[in-house]
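For reference, the chains in residue letters:
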Amino acid sequence: MAKRPETPLAAIVPDVANGLRAGVATLIPFYLANAWGWRELSWTALGGWMGTLADPGGSRATRVKVLVTFTIAASLLLAASEETARAPVFATLMLAIVAFACSLLRVYGSVTSSLGTTLTIVVAIGTVRWSATPLRDALYFSAGAAWAMTLSTIVWPVWTHLPMRRTIGNVFAELSVYAGALQDGAREEWPPGDPRWTVLAREHRRSIRAYIEEARHMAVAIRSRRNGESRFGSNLRVLLGLAESQFPLLITLSDDLEALGPGERKAVVDALGKVRDQSAQVHRVIVTTVVASGARRRYRSVPPPPRVSLSSPIEALAARLVHAGELAVSLVEAIDMPIEPTEETAPTKRRTLREALRQDLVPLRDALSPASTFFRHALRVAGAATFAAFIGRRLSPEHAHWVTITTVAVLQPYPGATWTRAAERVVGTVFGSLVAVVITMTVRDPLLLTLSMFPLSVAAMATRPRSYRLFTFFLTPVFVVISARHPGDWWVAAARVGDALAGGAVALLAALVVFPSWEFRRLSDALSAMFESVDRYTQLVLRELGAAQSPEILTEIAARRRSAGISLIEAETSLERLLAEPIRTESDAADAMQLVTYTRRLAGAVTALETHATASAPGSLARDVPVDAVASYVSTVLSRARSFIRKETLEGPQPTPPELSESLPPQSLGLFERVLAHATLVNGLVVREREETTSSEPPASPVPLRPSS
């Protein structure tokens, strides 16, 4: 199996930079608090750490907006929560209200969801004990948060376009791995129907589509921050477009390779190697922080794409892939060259403040419905936080907030995700506490203590995007040492373990009891949406096969292909959440897994048909083919699959695939037979499962796969 291309050291610099900034923002105030006896600086250290956690990354404008909001809101909430701490009833009520309101921020995406969780943690800390100087504590806390924001945006910023460049680099890295894996399959002569083809399609297509969507959202966020556009931004979007154009070509090539017989794949092995190396080269250049001197060159001249020959379509397809790779390499070598003004880079009209506010409040208004998943999860979080605060005051009065923090951090909208997060949190806390015991028992000097925690804080932030278990492992010693009452106080580490166990148990109990959101109730909706989007994509492709496709039609086809890809990802994600749940029906999970696999292969076959049709003469593939009958068959099969998933009665007789004439050109015959074969697999599964409970006619035999050339 092909390996992921090596990532330059510069690609992980932002994560290390986040860790270093966290260490500077947290441990300098911590050292001064211990060395000078200035205990108020402990709030500054906490503000610096929480401000670093609240940093969403991305463009500088986004970071400033989020961090300013966090600094102001967290400081006010800290002062208010410390004031209410004198009356535990009011403190608990405030914690519940804030937890509910902050959890609703999840409707706006992952950034605001993380911000809401961080604000809830701040309130949990403030409600532990009453303070006679809440405003002073809030001021010191805000100083730490502001210091973290200054480090992130002014003193040590991450370049504006670097997050997008890294995301696009991930796209090309996955393209490189996918091309290399296909090269391995072609070289090793995997037979048609080998499960390894399905594994490649499931793993690589999903990850590529996910990275493309992430890059698209990142591009919109960066593009919307100002009028006009820089040459970097424009060229990066062009590079993303090239990656998107290569993606369906690779899907098509994958299906074509599988359909070919042994000995017929050698013609494209070298081409796949070139595509692998080209994508790896783009990945290496684009993730490098400093643009190489070669980037000042103009675009290299790239010959026009080759014409498709129906006598050897797979070779022509491979040549088109290589050509697209050459264009990407040429562009990335001149990524910062000046650009000419275009309609895309012209100033855009901004929304008024009133329009923006009205549009932004719509999701929140919808989420306030009692039937909303967000509303129910907000109630779940509020109830769990309240119960955790009660448990914390009984188990660990001095660190009661640790139970609440663990509960809020672990509790997810889905029971399976909560179970996984709880296990990772407990494991990381237990081993991290052992490290904390070693540090507290062996290090007493404030300077040495600070120096020993600095690499731990760096490692915590550097591993945060990759492993929650490692993040918790490195984070635990830092907070245990900061919370120690005196040097050598190892009992705090033991308390941390107990509080993590209690908080994780409360989170699991809330996930299983309070409005349990079981995935099997949503999986049918995700699968139905998948069938519908693939059907819409298929119908448009088949309808336009016999005509010269206009730019508008090509744009619509690309949009429906993207919609189908996203729906497949959402269905797979829903299935994974189902498999992570302790309560599930194995037969339903197995049926869903097969339906997702067959539908993905059907979408890939349609993409192959569309790709070859776009590159061929108008109508050449559809000549003498009953296209309407094929479209009707696929639509009927997917409609019956939706009814099957929803436990509805299957209407009408069982569909049968239309017959294709053996006199058709091999290219057309192979492409259409693959579409019919994968649709028939979907229909066969539906009929077979329905026959277990009702009497029905036997499923139609799958259409045999033929070579596409």
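Per chain, the residues get numbers from 1 upward, laid out in the order the sequence is written. Totals for whole chains, interfaces and linings use all residues, but because this is a predicted model, local features are given only for residues with pLDDT of at least 70 and pairs of side-chain atoms are given and counted only at 80 or more. Computation of side-chain values: all heavy atoms of the structure, hydrogens and water removed.

Draft legend 1. The arrangement of the overall build of the protein chain in detail. Scanning the protein chain from terminus to terminus reveals 23 helices and zero strands. When the 709 residues of the protein chain are sorted by exposure, 54% land in the buried category. In the protein chain, the share of contacts with a sequence separation of at least 24, taken over all contacts with a separation of at least 6, comes to 81%. To be clear on the numbers: accessible area is Shrake-Rupley with a 1.4 Å probe, and residue cover counts the displayed protein chains and nothing else. Total accessible area on the protein chain stands at roughly 31000 Å², and carbon and sulfur atoms take up 61% of it. Every helix listed is a DSSP run of H or I at least four residues long, and every strand listed is a run of E at least two residues long, numbered separately from the N terminus. Working definition: with a 1.4 Å probe on protein chains only, accessible area under 20% of the residue-type maximum means buried, over 50% means exposed, and in between means partly exposed. By definition in these notes, contact holds between two residues if any of their heavy atoms fall within 4.5 Å.

Draft legend 2. Representation of a nonpolar patch on the surface within the structure. Together, Phe-387, Phe-390, Leu-509, Leu-512 and Val-513 make up a nonpolar patch on the protein surface, roughly 460 Å² of accessible area in all. Elements with a minimum of two residues in the nonpolar patch: helix H13 (373-395) and helix H18 (491-513). With three residues, the top contributor of residues to the nonpolar patch is H18. You can see Val-513 is positioned in helix H18. Patch membership needs two things, relative accessible area over 30% and no salt bridge, and members are linked within 9 Å if like-charged or within 5 Å if nonpolar (Val, Leu, Ile, Met, Phe, Trp, Tyr). Any carboxyl oxygen of Asp or Glu that lies within 4 Å of a side-chain nitrogen of Lys or Arg is treated as forming a salt bridge with it.

Draft legend 3. Here's a closer look at the pattern of salt bridges. Applying the stated rule across the entire model yields 20 salt bridges. Taking the shortest distance from any N to any O, the salt bridge between Arg-543 and Glu-544 comes out at 3.2 Å. What makes Arg-543 exposed here is its relative accessible area of 55%. Classification of Glu-544 as buried rests on a relative accessible area of 13%. The network of salt bridges with shared partners includes Glu-188, Asp-194 and Arg-196.

Draft legend 4. Spotlight on the packing of H13 against helix H14 (residues 400-410). The axes used here are C-alpha line fits, helices contributing only the stretch in contact, and every angle between their N-to-C directions lies in the interval 0 to 180 degrees. Close contact between H13 and H14 brings their axes to 7 Å; oriented N to C, the two are set at 150°. Overall, the two elements H13 and H14 adopt an arrangement that is roughly antiparallel. Taken as a pair, H13 and H14 cross one another with a handedness that is right-handed. Residues Ala-384, Ala-385, Ala-388, Ala-389, Gly-392 and Arg-393 of H13 form the contact with H14, whose own contacting residues are Ala-400, Val-403, Thr-404, Thr-407 and Val-408. Comment on the angle field: the value is read as roughly parallel under 35 degrees, roughly antiparallel over 145, roughly perpendicular from 65 to 115, and oblique elsewhere. Note on convention: near helix rotated counterclockwise from far helix by under a right angle means a left-handed crossing. Clockwise means right-handed.

Draft legend 5. Highlighting the packing of helix H4 (residues 88-104) against H13. For the pair H4 and H13, interaxial distance at closest approach is 8 Å and the crossing angle is 150°. As judged from the angle between their axes, H4 and H13 are roughly antiparallel. Crossing angle aside, the handedness with which H4 passes H13 is right-handed. For the pair H4 and H13, contact is made by Pro-88, Ala-91, Thr-92, Leu-95, Ala-96, Ala-99, Phe-100, Ser-103 and Leu-104 and by Phe-374, Phe-375, His-377, Ala-378, Leu-379, Val-381, Ala-382, Ala-385, Thr-386, Ala-389 and Arg-393, respectively. Throughout this entry, Asp, Glu, Lys and Arg are counted as charged residues, while Ala, Val, Leu, Ile, Met, Phe, Trp, Tyr, Cys and Pro are counted as nonpolar. The remaining residues, Gly among them, count as polar. Class assignment for the residues of the contact of H4 with H13 results in 15 nonpolar, four polar and one charged.

Draft legend 6. Summary view of the layout of surface pockets. Only protein atoms enter the 1 Å grid used here, on which a cavity is any set of points holding a 1.4 Å probe that cannot leave and a pocket is any open set flanked by protein within 12 Å on both sides along at least five of seven lines; residues with an atom within 4 Å of a point are listed as lining. Grid points are joined across faces, edges and corners, and a volume is the space filled by probe spheres set on the points. As a volume, the second largest pocket reaches approximately 590 Å³. Looking at the second largest pocket, it is lined by 21 residues, and the ones nearest its centre are Glu-244, Ser-245, Pro-248, Ala-558 and Arg-561. Of the residues in the lining of the second largest pocket, the class split is nine nonpolar, five polar and seven charged.

Draft legend 7. Representation of empty space enclosed by the protein. In this structure the tally under the stated criterion is four cavities of 30 Å³ or more. Size it by volume and the largest cavity reaches roughly 240 Å³. Looking at the largest cavity, it is lined by 18 residues, and the ones nearest its centre are Arg-205, Phe-247, Ile-251, Gly-565 and Leu-568. Listed by contribution, the elements that provide at least two residues to the lining of the largest cavity are helix H8 (195-223), helix H9 (231-259), helix H20 (551-580) and helix H21 (586-615). One number sums up the size of the second largest cavity: a volume of about 60 Å³.

Draft legend 8. Region of interest: the environment of Phe-30. When you line up the elements, Phe-30 lands in helix H1 (residues 13-36). Phe-30 sits in the buried class, given a relative accessible area of 6%. In sequence terms Phe-30 and Trp-43 are 13 residues apart; their C-alpha atoms lie 8.9 Å from each other. Setting aside anything within four residues of it in sequence, one finds Phe-30 in contact with Ala-45, Leu-449, Thr-450, Met-453, Val-481 and Ile-482.

Draft legend 9. Layout of unusual backbone geometry. One non-glycine residue with positive phi stands out, namely Phe-515, at about 45°. Of note, Phe-515 is situated in the loop between H18 and helix H19 (520-543). Notably, Lys-647 is not glycine yet its phi reads approximately 60°, a positive angle. Tracing the chain through its elements places Lys-647 in the loop between helix H22 (627-645) and helix H23 (666-691).

Draft legend 10. The nonpolar core, seen in detail. Residues belong to a common nonpolar core when they are buried Ala, Val, Leu, Ile, Met, Phe, Trp, Tyr or Cys residues joined through side-chain atoms within 4.5 Å. Ranked by internal contacts, the top residues of the largest apolar core, which has 71 residues, are Trp-49, Met-50, Phe-70 and Phe-141. Formed by 53 residues, the second largest nonpolar core is a distinct cluster that contains Leu-545, Ile-553, Ala-571 and Phe-644.

Draft legend 11. Just the side chain of Thr-120, in detail. Inspection of the secondary structure assignment puts Thr-120 in helix H5 (residues 110-126). Judged by its relative accessible area of 3%, Thr-120 falls in the buried class. Apart from the residues lying within four places of it in its own chain, the contact partners of Thr-120 are Leu-95, Val-98, Ala-99, Cys-102 and Val-408.

Draft legend 12. Structural detail: the packing of aromatic side chains. Each aromatic pair joins two rings of Phe, Tyr and Trp (for Trp, the six-membered one) with centres within 6.5 Å, and gets the label stacked for planes under 30 degrees apart, edge-to-face for over 60, and tilted for any other angle. For the structure on display, the rule yields seven aromatic pairs. Measuring from centroid to centroid gives 6.3 Å for Trp-38 and Tyr-140, while their planes differ by 80°, and the two rings are edge-to-face. With Trp-38 in the loop between H1 and helix H2 (41-54) and Tyr-140 in helix H6 (residues 134-155), the pair connects residues that are 102 residues apart, well separated along the chain. The partly exposed category is assigned to Trp-38, whose relative accessible area is 35%. Each member of the aromatic cluster is reached from another via a ring pair, and the members are Trp-36, Trp-38 and Tyr-140. The ring of Phe-471 carries Arg-464 above its face, with NZ or CZ at 6.0 Å from the centroid. Taking the ring centre of Trp-402 as reference, the NZ or CZ of Arg-496 above it sits at 4.8 Å. Any Lys NZ or Arg CZ that is within 6 Å of a ring centre and within 35 degrees of that ring's normal is treated as a charge sitting over the ring.

Draft legend 13. Here's a closer look at the confidence of the model for the protein chain. For every residue, the predictor states its confidence as a pLDDT score lying anywhere from 0 to 100. Of the residues in the protein chain, 82% reach a pLDDT of 70 or more, and the chain-wide mean stands at 80. In the model of the protein chain, helix H12 (residues 353-367) stands out as the element of lowest mean pLDDT, 76, in contrast to H4, which has the highest, 93. This model gives residues 7-11 a pLDDT under 50, and the stretch forms ten contacts once residues within four places in sequence are excluded. Every residue in residues 290-300 scores below 50 in pLDDT, and together they form 29 contacts with partners more than four places removed in sequence or on other chains.

Draft legend 14. Main features of the environment of Gly-652. Structurally, Gly-652 is set in the loop between H22 and H23. For Gly-652, a relative accessible area of 55% puts it in the exposed group.

Draft legend 15. Spotlight on H13. For a helix, the expected span equals 1.5 Å multiplied by the residue count minus one. Over its 23 residues, H13 extends 32 Å from the first C-alpha to the last, a length consistent with the 33 Å expected when each residue adds 1.5 Å. Those residues of H13 not exposed but buried are Phe-375, His-377, Ala-378, Arg-380, Val-381, Ala-382, Ala-384, Ala-385, Ala-388, Ala-389 and Gly-392. Two or three places before Phe-374, at the opening of H13, Ser-372 has a side-chain oxygen 3.2 Å from that residue's backbone nitrogen. Think of a polar contact as two N or O atoms within 3.5 Å of one another; within protein, one of them needs to be a possible hydrogen donor and the other a possible acceptor, and neighboring residues in sequence only count if both atoms come from side chains.

Draft legend 16. Quick peek at the side chain of Ser-279. Within the element layout of this structure, Ser-279 appears in helix H10 (residues 266-286). Residue Ser-279 is classed as buried on the basis of its relative accessible area, which comes to 1%. If we ignore the near neighbours within four places in the chain, the residues touching Ser-279 are Phe-172, Leu-175, Ser-176 and Gln-246.

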